[in-house]
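These are the residues of each chain, in order.
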Amino acid sequence: MDSCSKSVRDSSSPFDCLIFDLDDTLYSSKIGIAEALRKNIDDFLVEKCGFPESKASTLRVELFKTYGSSLAGLRALGYNIDADDYHSFVHGRLPYELIKPDTQLRNLLRSITQRKIIFTNSDRNHAVKALDRLGLKDCFEQIICFETMNPNLSKSTLPDEFPVLLKPSMDAMKIALDVAEVDPRRTLFLDDNVRNVAAGKSLGLRTVLVGKTVKSKEADYVIETVTSLAQVIPELWVSGIDSGDEGGISRSKSEIEFIHATTAVGA
Ligand SMILES: [Mg+2]
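Residues numbered from 1 in each chain as written. Predicted model: local features only at pLDDT ≥ 70, side-chain atom pairs only at ≥ 80, totals over all residues. Heavy atoms only, no water.

Under an unreviewed UniProt entry, the name given to the protein is Suppressor of disruption of TFIIS, and the source organism is Morella rubra.

Have a look at this one:
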């Protein structure tokens, strides 16, 4: 457990917990990760499922749109694909060396005293490797991931016995909120996917759309990069420890300015 997480609860901040998506929320997959992932999925569809090479890309897009992922789609269509095999093929061979440590983001996360949790559709191995490369693994108390949402998948005898659960399905979202043990009204949910943000909003979470410049209907906030949190949601740093003249803001002006300064670069 992270020392900067559960132990301190800010009584005056409107938030007790932050739930972060991983890919394209904490880092941009445009560094070559997304492209490699698309190629690996196409190769899986050809090599493991026997689809013609010329159809693989179109099928991948269709499966993603309809079922949320190629794995979910293949299983729903009756292909008996083992989730671990799929993940080791499509994620296991990603060029993780392209993900670089993000000291600026690490400093920002370490300055947030509320609980911080990862909630990703990816498998645990991928989440751990990406967080490790980013230098952020110890900033989160918990990783809610594919395995958390799909604990019974490996026990299934038929591919459609347990449908694959992923964000933005309500069942997946509810599992995550249950596991995280949070009050949605006091929890900030950050994700780059508009549909995930909408699902979070419908369950009462306060939502942040990441990586865009225009707010979607269900987003309470929009930030282009997660490092601009300090500018957009400064109330995250409000605490009730010293509720003097500043109306509950315990951090000194210079501390807030420091957070802004250290998070502004590249934001
Ligand atoms: Mg994402």
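Moving on from the model shown.
A. Representation of the sheet that holds strand β1 (residues 17-20) within the structure. Sheet architecture is open: six strands sit in the order β3-β2-β1-β4-β5-β6, paired in parallel fashion. The outermost strands of the open sheet, each flanked by one partner alone, are β3 (142-144) and β6 (221-223). Each adjacent strand pair in this sheet contributes to an overall mean axis angle of 25 degrees, direction not counted. Pairing between strand β2 (residues 115-119) and β3: three bridges, direction parallel. (Pairing = 2+ DSSP bridges. Helix = DSSP H or I, 4+ residues; strand = E, 2+ residues; numbered from the N terminus. Axes fitted to C-alpha atoms, helices over the stretch in contact; angles between N-to-C directions.)

B. A look at the coordination of the magnesium ion. On the protein side, the magnesium ion has Asp21 (OD), Asp23 (O) and Asp192 (OD) as donor atoms, found 2.1 to 2.3 Å from it. Along the chain, the residues donating to the magnesium ion are arranged with the sequence spacing D-x1-D-x168-D. Separated by 169 residues along the polypeptide, Asp23 in the loop between β1 and α1 (33-47) and Asp192 in the loop between β4 (187-191) and α9 (194-202) bring together distant segments of the chain. (Donors = N, O, S within 2.8 Å, 3.2 Å for Na, K, Ca; no water.)

C. Inspection of the environment of Leu131 at higher detail. Note on placement: Leu131 falls in helix α6 (residues 124-134). For the pair Leu131 and Asp23, spaced 108 residues apart in sequence, the C-alpha to C-alpha distance is 9.9 Å. Apart from residues lying up to four places away in sequence, Leu131 is in contact with Leu22, Leu26, Ile118, Leu136, Lys137, Phe140 and Ile143. (Contact = heavy atoms within 4.5 Å.)

D. Here's a closer look at the pairing of strand β5 (residues 206-210). Across the five residues that make up β5, a large majority, four, are buried. In this structure, β4 lies alongside β5, joined through four bridges in parallel fashion. If you follow Leu190 over to β5, its bridge partner there is Val208. As a crossover connection, the stretch from β4 through α9 into β5 is right-handed. In the sheet, β5 pairs with β6 via three bridges, with the strands oriented parallel. What sits directly across from Val208, in β6, is Tyr221. (Buried < 20%, exposed > 50% of the residue type's maximum accessible area, 1.4 Å probe, protein only. Right-handed = clockwise from strand over helix to strand, strands pointing away.)

E. Highlighting the pairing of β1. Burial along β1 is two-sided: Cys17 and Ile19 and Leu18 and Phe20, pointing in opposite directions, are all buried. Bridge count for β1 against β4 is four bridges, and the pairing is parallel. What sits directly across from Ile19, in β4, is Phe189.

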